[in-house]
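Read off the chains here:
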Amino acid sequence: MKPVTLPGIEDYVAAHTTPDAPHLVELAAQAHEALVDPQMMSGPVQGRFLELLVFAMRPRLVLEIGTFSGYSALSMAPALPPGGRIVTCELNPEHATFARKRIAENGFADRITVEEGPALDTVRSLDGPFDLAFIDANKTGYPDYLEAVLEKLSPNGLMLADNTLWNGDVLNADSADPDTHALRSFNAAVAADPRLRCTLLTVRDGLTVIRRA
Ligand SMILES: C[S@@+](CC[C@H](N)C(=O)[O-])C[C@H]1O[C@@H](n2cnc3c(N)ncnc32)[C@H](O)[C@@H]1O
């Protein structure tokens, strides 16, 4: 991933953030060996931030859209309050199988459910309410995910949208890349939406925190 901040800053940030627990270090290493595009994992800085939000919000239900290896779900899970759980959506059966195995091995199968299939169908099938929703799947789907989640978001719930800086490419208004275009449109729509309040944080590849106005 291309740094979107000053040279050296990402390393400095990582060096001054609580590192991954051993089970996450091992999971990341296994994902680098077994899965294509392992850079899709949140990584320690965003992982600790997700964990921090779960710790502070004490959510009963966390929705994740885009499981991949299970890294982000397993980053959040240790901070869940008693009775809290995570539903994570994944389209790719290989990713879902990889994540389920690590979730079970680490003793979180009772608190994390991997729902396999198109995330939009899964979100529409769930009752909610979602106290925290982490949107991190196909970028062109973000507007639909936002609407589907918003319908079932708790009154004090938060939505998080990942990769909203897209390697800094969101600055390129002339980009022909569909994902860049999708994220530029999403960012503009969210910031202008009178139903919402948001902050685009320069955490890792950009993480937008969104709530109801
Ligand atoms: C960026 S990765 C998720 C990374 C993970 N949240 C983390 O931080 O470690 C995106 C995942 O979304 C999945 N995905 C893509 N399109 C999807 C869809 N329509 N429904 C569900 N999952 C989808 C991909 O297969 C991939 O595993």
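Our subject is the structure listed above.
The following refers to the structure shown. Owing to the predicted nature of the structure, the values given are computational and were not obtained by experimental measurement.

**Description of the site of the ligand**
Working step 1: Residues in contact with the ligand amount to 22 residues; listed here are only the nearest, Ser42, Gly66, Glu90, His95 and Asp136.
Working step 2: Contact between the ligand and Ala119: a nitrogen atom at 2.9 Å from a main-chain N or O atom of the residue.
Working step 3: Listing elements by their share of the shell around the ligand, those giving two or more residues are α4 (71-76) and β2 (85-90).
Working step 4: Of the residues assigned to the shell around the ligand, the class counts are eleven nonpolar, eight polar and three charged.

**Let's talk about a nonpolar patch on the surface**
Working step 1: Among the surface-exposed residues, Leu6, Ile9 and Val13 lie close enough to one another that they form a single nonpolar patch of about 240 Å² accessible area.
Working step 2: By the secondary structure assignment, Ile9 is in helix α1 (residues 9-15).
Working step 3: Judged by relative accessible area, Ile9 falls into the partly exposed class, the value being 33%.

**Comments concerning the side chain of Thr122**
Working step 1: By the element assignment, Thr122 lies in helix α6 (residues 119-125).
Working step 2: Every residue in contact with Thr122, bar those within four places of it in the chain, is listed here: Cys89 and Glu115.

**Some points on the packing of helix α7 (residues 142-151) against helix α8 (residues 178-192)**
Working step 1: The N-to-C vectors of α7 and α8 enclose an angle of 35°; their axes lie 9 Å apart at closest approach. For the pair α7 and α8, the contacting residues are Tyr142, Pro143 and Leu146 in the first and Leu183, Phe186 and Val190 in the second.
Working step 2: Across the contact of α7 with α8, the residue classes break down as six nonpolar, no polar and no charged.

**Quick word on helix α5 (residues 93-105)**
Working step 1: The first and last C-alpha atoms of α5 sit 18 Å apart over 13 residues, in line with the 18 Å expected at 1.5 Å per residue.
Working step 2: For α5, the set of buried residues is His95, Ala96, Phe98, Ala99, Arg102 and Ile103. Along the long axis of α5, the arc covered by the buried residues comes to 165°, so they all point the same way.
Working step 3: Residues of α5 that are buried in the fold lie against α2 (22-34), α4, β2 and β3 (112-116).
Working step 4: Note on α5: the residue one or two positions beyond its end, Gly107, has a positive phi of about 75°.

**A word on the packing of aromatic side chains**
Working step 1: Within this structure, the stated rule accounts for one aromatic pair.
Working step 2: Centre to centre, the rings of Tyr142 and Phe186 are 5.3 Å apart; their planes meet at 80°, and the pair counts as edge-to-face. Residue Tyr142 is found in helix α7, and its partner Phe186 is found in helix α8; the two are separated by 44 residues along the sequence. Phe186 shares its class with Tyr142; the two are buried.
Working step 3: Its guanidinium or amino end placed over the ring of Phe98, Arg102 lies 3.8 Å from that ring's centre, counting from NZ or CZ.

Conventions used here
- Residues numbered from 1 in each chain as written.
- Predicted model: local features only at pLDDT ≥ 70, side-chain atom pairs only at ≥ 80, totals over all residues.
- Heavy atoms only, no water.
- Near = heavy atom within 4 Å.
- Polar contact = N/O pair within 3.5 Å; in protein donor to acceptor, adjacent residues only side chain to side chain.
- Helix = DSSP H or I, 4+ residues; strand = E, 2+ residues; numbered from the N terminus.
- Nonpolar A, V, L, I, M, F, W, Y, C, P; charged D, E, K, R; others polar.
- Patch = residues over 30% accessible without salt bridge, like charges linked within 9 Å, V, L, I, M, F, W, Y side chains within 5 Å.
- Areas by Shrake-Rupley, 256 points an atom, 1.4 Å probe, with all protein chains shown as cover.
- Salt bridge = Lys/Arg side-chain N within 4 Å of Asp/Glu carboxyl O.
- Buried < 20%, exposed > 50% of the residue type's maximum accessible area, 1.4 Å probe, protein only.
- Contact = heavy atoms within 4.5 Å.
- Axes fitted to C-alpha atoms, helices over the stretch in contact; angles between N-to-C directions.
- Expected span 1.5 Å × (residues − 1).
- Arc of directions from axis to C-beta.
- Phe/Tyr/Trp six-rings, centres within 6.5 Å; stacked < 30°, edge-to-face > 60°.
- Lys NZ or Arg CZ within 6 Å of the ring centre and 35° of its normal.

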